[in-house]
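Breakdown of the fold
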Protein chains: 2
Amino acid sequence: MEPLLQPDARIFKPLIIPEKILMGPGPTNASKVVRDACSLPMLGPVDKELLQVMDDCKAGIQYLFQTENKYTFAVSGTGHAALECAIMNMVEVGDRILVAEHGVWGFRAADMVKRVGGIPIKITRPPGENFQLSDFEEGLKQNSAKMLFIAHSESSTGVIQPLEGLGDLCHKYNCLLLVDTVASIGGCPVYMDKQNIDILYSGSQKVLSCPPGPAPISFGSRAVESFRARKTPPVSFYFDFDHLTNYWGCTEDPVRYHHTGMMSNLYGFREGLRILAQEGLGNCWNRHLKCAELFHSTLETNGFELFVKNKSARLPTVTAIRIPKDVNFAEFKSHVLKNCNMDISGGLGPTAGLVFRVGLLGENCTTARVDMLARAMVKALKFCLKK
Amino acid sequence: MEPLLQPDARIFKPLIIPEKILMGPGPTNASKVVRDACSLPMLGPVDKELLQVMDDCKAGIQYLFQTENKYTFAVSGTGHAALECAIMNMVEVGDRILVAEHGVWGFRAADMVKRVGGIPIKITRPPGENFQLSDFEEGLKQNSAKMLFIAHSESSTGVIQPLEGLGDLCHKYNCLLLVDTVASIGGCPVYMDKQNIDILYSGSQKVLSCPPGPAPISFGSRAVESFRARKTPPVSFYFDFDHLTNYWGCTEDPVRYHHTGMMSNLYGFREGLRILAQEGLGNCWNRHLKCAELFHSTLETNGFELFVKNKSARLPTVTAIRIPKDVNFAEFKSHVLKNCNMDISGGLGPTAGLVFRVGLLGENCTTARVDMLARAMVKALKFCLKK
């Protein structure tokens, strides 16, 4: 028995991954403890030790989300997988879904709703701005929507969306509230239960400083009730709410094998959640706010213009900065990287070519990092304008 | 800013993962090199170093699958995610899909087909047996099916399905061939191109000895043509063929951000593929065959009964053994584990309660392991019968 095709030479090369300081909108650098955990031994898909890790993750996510929902787990995929899990479980053919679009995430959520046969109805704000409660109320009044999607952290523009009162408003119109917190969770206050959010999801590679995947998600009682009232099964087996909540031990039923949990990621994620709990969520929120304020004021003092005009609409975790006139972004980025090994990103979707984006996330959110990056940016600006 | 809910005490406990020798149907133990790779530093989602890792993985998968398909990549999820990726991209509402069911995988594939609005038409064989070409031909003749699903490795029963001639037969009836090789790839000969397989997928945690996720998949030209002829977009954004093949650099278009690749898993997977290429696919196939033959003959000599009667239908990588009369499986399993720290599994789906399953996979497929396990099983049998 011999193969017919030989392997390409490139697979034999040693694997070398450079250690950069990732100051884009994510992933951020993973902490040593998390990375070490990712190399722990494998387990069987329903081994009690793995189920214990999953149970620990559930407790950690409940704290992170500030919820007591028992239907709290993590999807074996990245943040986009969690969004799709939410949409595939909640949306049926013909369902009207209100999608708040003020950047790339609303755009993508609407695309996903359409794919499963739902009808996305968009309410929009210009990139760099957020929504008022009255914007939502108008949308809710005019459309009998089953669910509203909103990104708490619109990382493509650097905007934060206040959530206070939104859950109650949605419920007044018999509408569920689905919130994306991929770039904000752990870095900005979110109270899933108190804010009456029905479905909340996030990612692992931002404030939690873990590798990408798994993606935490939680469903409140209204969402579960709506899921139970479905006329058709969800389009996905992999993301199926019933299967996943059984596998994650959210129900009273004995745990059945559904898929093989991504255990190395779960080990790292569990440790990321432990580190967060040890710091304390309040301290972590405050650290992100403090660093962002320092960063923003330092930038403005040095002639940079933030993309988001309104201070209260600025996302602490991801900052969008207008590319200064006469500056070539590639040159700027590469100057910063050479100077301090810090990697910053360009815009995305509506901000592509307009801004660069800086993440102050988890491990990398310290005043020392802010200071180092701000100095490097000032130098790079001078360099780019001098040429 | 303070949280309202405090973290549960269980998240603060140290994370301890026992090192067991995993001799079930997977995951198998990951090799040291792979585990170390999983703890390498993070990168941005479209950083050139990550795209290089993905490109290396592509070359490794092409070798593993014995294909030159350019549409070869890995899904950010586990084996089930790859199956769903195949089905969601290939099946539209009303499409008739022939599903060969002789264990749990056919059952699940049919479930997935139904969820996206396809019509699964089952052809079945009793658990423990495989299909003849004539079984398929009958199914193909009677139904104008768009695609046929078959598990090459039916790991719930320990059966291998010969693939010779099946691709040509399917194409004679204008039908695509989708093959699951999660438990067999690398351990048994598969020639995607020569065998005219249109879509092939697998997992990472079996013969490749990597953590679960990512899941490799490849689409041949007939499959791509059929995808291009779709009337509606696939139900999934996360699994969308066009988005994924762009992100994986399979097309001429510049790479766009789609989702954040699960890089720590990709690092490990890349190293798993390198280790395989270094051993050589032919050597790896032969090693798995040789160990399986030794294991099967030792078991039969010692009074165990294999679930699969027909020798040529036995899967080398996963063996199903009938639970001997008067033996309590839980007691047997626990005796083996205590004796030699080797963990074996029970049945699944149609074999639940009937068999136990042993995997000889990747790192754990050596004559020394076979010898140690067989001795432990003989001892456990004596112990269980004596009581």
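What counts and what doesn't
Residues numbered from 1 in each chain as written. Chains lettered and ligands numbered in written order. Predicted model: local features only at pLDDT ≥ 70, side-chain atom pairs only at ≥ 80, totals over all residues. Heavy atoms only, no water. Helix = DSSP H or I, 4+ residues; strand = E, 2+ residues; numbered from the N terminus. Contact = heavy atoms within 4.5 Å. Areas by Shrake-Rupley, 256 points an atom, 1.4 Å probe, with all protein chains shown as cover. Lys, Arg positive; Asp, Glu negative; His and termini not counted. Charge placed at Lys NZ, Arg CZ, Asp CG, Glu CD. Least-squares fit on C-alpha atoms with pLDDT ≥ 70 in both. Buried area = accessible area lost by both parts, 1.4 Å probe. Salt bridge = Lys/Arg side-chain N within 4 Å of Asp/Glu carboxyl O. Polar contact = N/O pair within 3.5 Å; in protein donor to acceptor, adjacent residues only side chain to side chain. Buried < 20%, exposed > 50% of the residue type's maximum accessible area, 1.4 Å probe, protein only. Pairing = 2+ DSSP bridges. Right-handed = clockwise from strand over helix to strand, strands pointing away. Axes fitted to C-alpha atoms, helices over the stretch in contact; angles between N-to-C directions. Phe/Tyr/Trp six-rings, centres within 6.5 Å; stacked < 30°, edge-to-face > 60°. Lys NZ or Arg CZ within 6 Å of the ring centre and 35° of its normal. Expected span 1.5 Å × (residues − 1). Core = buried A, V, L, I, M, F, W, Y, C linked by side-chain atoms within 4.5 Å. Parallel < 35°, antiparallel > 145°, perpendicular 65-115°, else oblique. Left-handed = near helix turned anticlockwise from the far one by under 90°. Nonpolar A, V, L, I, M, F, W, Y, C, P; charged D, E, K, R; others polar. pLDDT = per-residue confidence, 0-100. Disulfide = S-S within 2.5 Å.

Brief notes about the overall build of chain A
Counting secondary structure elements, chain A contains twelve helices and 14 strands. Considering only C-alpha atoms, chain A reaches an extent of 65 × 65 × 50 Å along its principal axes. Sequence separation of at least 24 residues holds for 73% of the intrachain contacts in chain A that already meet a minimum separation of 6. Surface exposure of chain A reaches about 13,500 Å², of which carbon and sulfur atoms provide 52%. Placing the 42 positive and 39 negative side-chain charges of chain A at their respective mean positions leaves the two points 7 Å apart.

Observations concerning the relation of the copies chain A and chain B
Of the transformation placing chain A onto chain B, the axial shift is 0.0 Å and the rotation is 180°, giving an RMSD of 0.0 Å. Such a combination of rotation and displacement between the chain copies is what one expects of a two-fold axis. Closest to the rotation axis within chain A is the C-alpha of Gly77(A), separated from it by 2.7 Å.

Considerations on the side chain of Asn265(B)
Inspection of the secondary structure assignment puts Asn265(B) in helix 9 (residues 263–279). In contact with Asn265(B), other than residues within four places in its own chain, are Ser264(A), Asn265(A), Pro212(B), Gly213(B) and Pro214(B).

Section: the interface of chain A and chain B
Listed by partner, the interface residues are 99 residues for chain A and 98 residues for chain B. Of the roughly 8,100 Å² buried between chain A and chain B, counting both surfaces, carbon and sulfur atoms make up 64%. In this structure, the connection of chain A to chain B is made through eight salt bridges. Its salt-bridge partner being Arg115(A), residue Asp240(B) comes within 2.9 Å of it at the nearest N-O pair. Inspection of the region where chain A meets chain B yields 38 residue pairs in polar contact (both at pLDDT 80 or more). Listed by contribution, the elements that provide at least two residues to the side of chain A that touches chain B are helix 1 (32–37), helix 2 (48–65), helix 3 (79–90), helix 4 (104–115), helix 9 (263–279) and helix 10 (281–301) of chain A.

Some points on unusual backbone geometry
For the bond from Gly26(A) to Pro27(A), the omega torsion is -5°, close enough to zero to count as cis. Tracing the backbone through its elements, the reader meets Pro27(A) in the loop between strand 1 (21–22) and helix 1. If you check the backbone angles, Asn196(B) has positive phi at about 50° while not being a glycine. As for its placement among the helices and strands, Asn196(B) is situated in the loop between strand 8 (176–180) and strand 9 (199–201). Asn196(B) sits in the partly exposed class, given a relative accessible area of 28%.

Considering the pairing of strand 4 (residues 119–124) of chain B
If a strand is regular, its side chains alternate between the two faces of the sheet. Residues and elements named next belong to chain B. Judged from the six bridges that link them, strand 3 (residues 96–101) and strand 4 form a sheet pairing that is parallel. Within strand 4, the position partnered with Leu-98 by the bridge is Ile-121. Regarding topology, helix 4 (residues 104–115) serves as the crossover connection from strand 3 to the parallel strand 4, and that connection is right-handed.

Remarks on the sheet that holds strand 13 (residues 345–346) of chain A
Residues and elements named next belong to chain A. With respect to topology, three strands assemble into an open sheet ordered 11-14-13, the strand pairing being antiparallel. The open sheet has two edge strands with one neighbour each: strand 11 (318–322) and strand 13. Summarising the sheet, strand 11 and strand 14 (residues 355–359) pair through five bridges and their orientation is antiparallel. Looking at the pairing, Val-318 lines up with Gly-359 of strand 14.

Overview of the sheet that holds strand 8 (residues 176–180) of chain A
All names here are of chain A. If you trace the seven strands from one edge of the open sheet to the other, you get 2-10-9-8-5-3-4, paired in mixed fashion. Sheet topology places strand 2 (71–75) and strand 4 (119–124) at the edges, where each strand pairs with a single neighbour. Sheet twist, expressed as the mean angle between neighbouring strand axes with direction ignored, is 20°. Pairing analysis gives five bridges linking strand 5 (residues 147–151) to strand 8, with the strands arranged parallel. Across the sheet, residue Leu-148 finds its bridge partner in strand 8, namely Leu-177. Relative to the sheet, helix 2 contacts strand 2, strand 9 (199–201) and strand 10 (215–219), its axis offset from that of strand 2 by approximately 105°. Along the sheet, helix 5 (residues 133–142) contacts strand 3 (96–101), strand 4 and strand 5; its crossing angle with strand 3, the most-contacted strand, is approximately 160°.

A look at the packing of aromatic side chains
Residues and elements named next belong to chain A. For the coordinates displayed, the defined rule picks out 25 aromatic pairs over all chains. Each ring, one from Phe-304 and one from Phe-332, has its centre 6.2 Å from the other, and the planes form 70°; the classification is edge-to-face. Residue Phe-304 is found in the loop between helix 10 and strand 11, and its partner Phe-332 is found in helix 11 (residues 329–340); the two are separated by 28 residues along the sequence. Clustering of aromatic rings is evident, with ring pairs tying together Tyr-71, Phe-73, Phe-219, Phe-227 and Phe-241. Positioned above the aromatic ring of Tyr-191 is the side chain of Lys-194, whose terminal nitrogen or guanidinium carbon lies 4.9 Å from the ring centre.

Side note on helix 3 of chain A
Each full turn of the α-helix corresponds to 3.6 residues, which orients residues three or four apart in the same direction. Residues and elements named next belong to chain A. Across its twelve residues, helix 3 extends 17 Å between first and last C-alpha, which sits within 8% of the 16 Å expected from 1.5 Å per residue. Counting buried positions over the twelve residues of helix 3 gives twelve, a clear majority of the element. Of all the positions in helix 3, only Gly-79, His-80, Ala-81, Ala-82, Leu-83, Glu-84, Cys-85, Ala-86, Ile-87, Met-88, Asn-89 and Met-90 are classed as buried.

Details of the nonpolar core
Ile217(A), Phe219(A), Ile217(B) and Phe219(B) are the most contacted members of the largest nonpolar core, which has 201 residues in total. With near-sequence residues (within four places) excluded, Ile217(A) lies in contact with Phe65(A), Tyr71(A), Thr72(A), Phe73(A), Val75(A), Ala82(A), Cys85(A), Ala86(A), Ile199(A), Leu200(A) and Tyr201(A).

Topic: the packing of helix 11 (residues 329–340) of chain B against helix 12 (residues 367–386) of chain B
Residues and elements named next belong to chain B. Packing of helix 11 against helix 12 brings their axes to within 9 Å, and their N-to-C directions diverge by 130°. When the axes of helix 11 and helix 12 are compared, the pair comes out oblique. Note that helix 11 runs across helix 12; the crossing there is right-handed. Residues Glu-331, Phe-332, His-335, Val-336, Asn-339 and Cys-340 of helix 11 touch helix 12, and the partners they reach there are Met-372, Leu-373, Ala-376, Met-377, Lys-379, Ala-380, Leu-381, Phe-383 and Cys-384. Taken together, the residues of the contact of helix 11 with helix 12 sort by class into eleven nonpolar, two polar and two charged.

Some words on helix 9 of chain B
Look at helix 9 of chain B: 24 Å from first C-alpha to last across 17 residues, which is about the 24 Å you get at 1.5 Å a residue. Positive phi appears at Gly280(B), one or two residues downstream of helix 9 of chain B, with a value of about 95°.

A look at the confidence of the model for chain A
Close reading of the predicted structure is inappropriate where its pLDDT is low. A residue-level look at chain A finds 100% of positions with pLDDT of 70 or above and a mean pLDDT of 97. The ipTM for the predicted assembly is 0.97, set against a pTM of 0.97.

What to know about the environment of Gly118(B)
Residues and elements named next belong to chain B. Looking at the secondary structure, you find Gly-118 in the loop between helix 4 and strand 4. Between the alpha carbons of Gly-118 and Asp-95 there is a distance of 4.8 Å; along the sequence they are 23 residues apart. For Gly-118, the residues in contact, after removing those within four places along its chain, are Val-91, Glu-92, Gly-94, Asp-95 and Val-113.

Comments concerning the pattern of salt bridges
Counting across every chain of the model gives 52 salt bridges over all chains. As a salt-bridge pair, Lys20(A) and Asp343(A) come within 3.6 Å of each other at their nearest N and O atoms. Here Asp343(A) lies in strand 12 (residues 342–343) and Lys20(A) lies in the segment before strand 1, a separation of 323 residues in the sequence. One salt bridge in this structure joins Asp47(B) and Lys20(A), with 2.9 Å as the shortest N-O distance.

Remarks on the state of the cysteines
This model, assessed by the stated rule, comprises zero disulfides over all chains. We note that Cys38(B) lacks a disulfide partner, and the nearest cysteine sulfur, in Cys38(A), lies 7.1 Å from it. For Cys38(B), a relative accessible area of 1% translates into the label buried.

Regarding the packing of helix 10 of chain A against helix 12 (residues 367–386) of chain A
Residues and elements named next belong to chain A. The geometry of helix 10 relative to helix 12 is characterised by a closest axis approach of 10 Å and an angle of 20° between their N-to-C directions. As summarised for this structure, helix 10 and helix 12 are arranged roughly parallel, according to the angle between their axes. Here helix 10 runs over helix 12; the crossing is right-handed. Judged by residue contacts, Lys-290, Cys-291, Leu-294, Phe-295, Thr-298 and Leu-299 of helix 10 engage Thr-367, Val-370, Leu-373, Ala-374 and Met-377 from helix 12.

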